[in-house]
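Coordinates in review
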Amino acid sequence: MPDQKYHGLLIKGLAQNGAEVMCFSGLPINRAVTSRKLVREKDEREGNAYYHYITTINLPVIRQLMIFFGTFFGVLRAKKDKDTYALCDCLNIANAYGMTLACRARKIPVVSIVTDLPDMERSSGFMRKLNNKLFDKTDAFIILTEQMNERVNPEGKPNIVLEGHVDAEAPLPESQTPYELATGKKVVMYAGSIKKIYGIANLVEGFLRADIPDSELRVYGDGDYREELERLSEQHPSVCYRGLKSNKEIVEEEQRASLLVNPRPVAPEYTKYSFPSKNMEYMVSGTPIMTTKLPGMPKEYDPYVYLIEDESFNGIADSLQKVLTESFEERKEKAEKARAFVLEHKSNLVQAAKIIKFLGTELSV
């Protein structure tokens, strides 16, 4: 899951920057994942990071109550120094409230990590209200975009905008020859949710209209566009639906492709409040990326990506034609600069260091 990867890399970055990190976590399970009623896992330590897994009973309401109380009493008992801070995922209600109430009792500053707006989530009105109440109890925010701050932080509490991070240890592109050099075929690739709202239909139609010789569009993932995509792939051999693959396989395919595309439409309001982790994953792969000009994407990214200025079928077709008529060497040079940029400025080590500095500057007690 993207959010688990986000938090996992952040924890690793904080620990490798010398912070002592204690994590209180309810395992992401339900009755559809396991039939076990009592879920208990041993605590773990990895370097400076200690992971405490809260024992739960695998029943919906009871599980959430146990996570709340497990976090609450765990934080009450945890070691506290003068520079102790609590970071919580505001969308994990039970965990976040347990931590926040315990921190209030112990006078520990609480920082909410907001990766998605509760108002944009498909949760009940009651749950959204709980989320928004949580923001009132928060001392500071870590947010993905400047626009997000206007929604969650009307009081102007301390905040830091970090649109995400890549793994500082992301492997170099494999030594395998790119498809374009091995077979002469230019492979355009999309990997992720294939929901219609994410513009995948526009990409497919734009690719077909581009009609680029010796090219192929490969799509990985699942979503409400799958059946239509399967029908199109039967009619057009150059459109290949590859289904779900492991992260390792996806990364290998990304590194061998000619171009990675994120066609997400820019008009929906939610795009102002998000920065797709897909773009960062694409950039660190060493393969060039073409993306729409998302309002939540800072301008500092523009030199390192190919921008889709017109999201229509013909606009995407024109963008594909323009990019893929560049030489392999030109595209590779841009991709290498993009990888260097995110590793130097947006790695989990760099972003975690910014958070540590922010906490010490804005919330020191």
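Residues numbered from 1 in each chain as written. Predicted model: local features only at pLDDT ≥ 70, side-chain atom pairs only at ≥ 80, totals over all residues. Heavy atoms only, no water.

For the rest of this paragraph, the subject is the pattern of salt bridges. Taken as a whole and judged by the stated rule, the model has 17 salt bridges. Among the salt bridges present, the one from Glu216 reaches Arg242, with a minimum N-O distance of 3.9 Å. Of this pair, Glu216 sits in strand β11 (residues 215-220) while Arg242 sits in strand β12 (residues 239-243); the two residues are 26 residues apart in sequence, bridging distant segments of the chain. Overall, Arg242 belongs to the partly exposed group, its relative accessible area being 33%. Residues Lys337 and Glu333 are paired through a salt bridge, measuring 3.5 Å at the closest nitrogen-oxygen approach. With Lys337 and Glu333 both in helix α12 (residues 328-345) and four residues apart, this pair spans about one turn of that helix. What makes Glu333 partly exposed here is its relative accessible area of 43%. (Salt bridge = Lys/Arg side-chain N within 4 Å of Asp/Glu carboxyl O. Helix = DSSP H or I, 4+ residues; strand = E, 2+ residues; numbered from the N terminus. Buried < 20%, exposed > 50% of the residue type's maximum accessible area, 1.4 Å probe, protein only.)

Side chains of Val61, Leu65, Phe69, Phe73 and Leu76 sit close together on the surface and give an oily, nonpolar patch of about 460 Å² of accessible area. Locating Phe73 in the fold gives a position in helix α2 (residues 60-77). (Patch = residues over 30% accessible without salt bridge, like charges linked within 9 Å, V, L, I, M, F, W, Y side chains within 5 Å. Areas by Shrake-Rupley, 256 points an atom, 1.4 Å probe, with all protein chains shown as cover.)

Read across the open sheet, the six strands follow the order β12-β11-β10-β13-β14-β15; overall the sheet is parallel. With partners counted over all chains shown, the strands left at the sheet margins are β12 and β15 (306-308), one partner each. Mean inter-strand twist for the sheet, computed between neighbouring axes without regard to direction, equals 25°. Inspection of the sheet shows strand β10 (residues 186-191) paired to strand β13 (residues 259-262) by two bridges, in the parallel sense. When the bridges of β13 are listed, Met189 appears paired with Leu260. Here helix α7 (residues 200-210) sits on the sheet in contact with β10, β11, β12 and β13, set at roughly 165° to β11. (Pairing = 2+ DSSP bridges. Axes fitted to C-alpha atoms, helices over the stretch in contact; angles between N-to-C directions. Contact = heavy atoms within 4.5 Å.)

Ordered by their spatial adjacency, three strands build an open sheet running β1-β4-β3, and the pairing between neighbours is mixed. Every interior strand has two partners, whereas the edge strands, β1 (21-25) and β3 (44-46), have only one. The sheet shows a mean angle of 20° between the axes of neighbouring strands, taken without regard to direction.

Applying the stated rule across the entire model yields nine aromatic pairs. Aromatic pair Phe68 and Phe72: ring centres 6.2 Å apart, planes at 10°, arrangement stacked. Placement of both Phe68 and Phe72 in helix α2 is noted, with a separation of four residues, approximately one turn of the helix. Joined through ring pairs, the aromatic side chains of Phe68, Phe69, Phe72 and Phe73 make up one cluster. Note that Arg264 overlies the ring of Tyr198, its terminal NZ or CZ placed 4.4 Å from the centroid. (Phe/Tyr/Trp six-rings, centres within 6.5 Å; stacked < 30°, edge-to-face > 60°. Lys NZ or Arg CZ within 6 Å of the ring centre and 35° of its normal.)

This part is about the nonpolar core. In terms of nonpolar packing, the biggest core is built from 52 residues, with Val114, Ile142, Met148 and Val152 touching the most fellow members. The dominant element in this core, judged by the number of residues it contributes, is helix α3 (residues 93-106), at seven residues. If we skip the residues at most four places from it in the chain, Met148 touches Val114, Thr115, Asp116, Leu117, Ile143 and Tyr273. (Core = buried A, V, L, I, M, F, W, Y, C linked by side-chain atoms within 4.5 Å.)

This part covers α7. Within an α-helix, residues lying three or four positions from one another point in the same direction, as the helix has 3.6 residues per turn. Those residues of α7 not exposed but buried are Ile200, Leu203, Val204, Gly206, Phe207 and Ala210. Here the buried residues of α7 occupy an arc of 165° about the axis, which is enough to place them on one side. Residues of α7 that are buried in the fold lie against β10, β11, α8 (226-235), β12, β13 and α11 (313-324). Backbone geometry just downstream of α7 places Asp211 in the positive-phi region, at approximately 50°. (Arc of directions from axis to C-beta.)

If you check the backbone angles, Asp211 has positive phi at about 50° while not being a glycine. Summarising the element assignment, Asp211 is placed in the loop between α7 and β11. For Asp214, which is not glycine, the phi dihedral falls at a positive 55°. Mapped onto the elements of the fold, Asp214 is located in the loop between α7 and β11.

What follows concerns α11. A rise of 1.5 Å per residue sets the reference length of α11, with its 12 residues, at 16 Å; its end C-alpha atoms lie 17 Å apart and thus fit the reference within 8%. Every buried residue belonging to α11 is among Gly315, Ile316, Ala317, Ser319, Leu320, Val323 and Leu324, and all of these are buried. (Expected span 1.5 Å × (residues − 1).)

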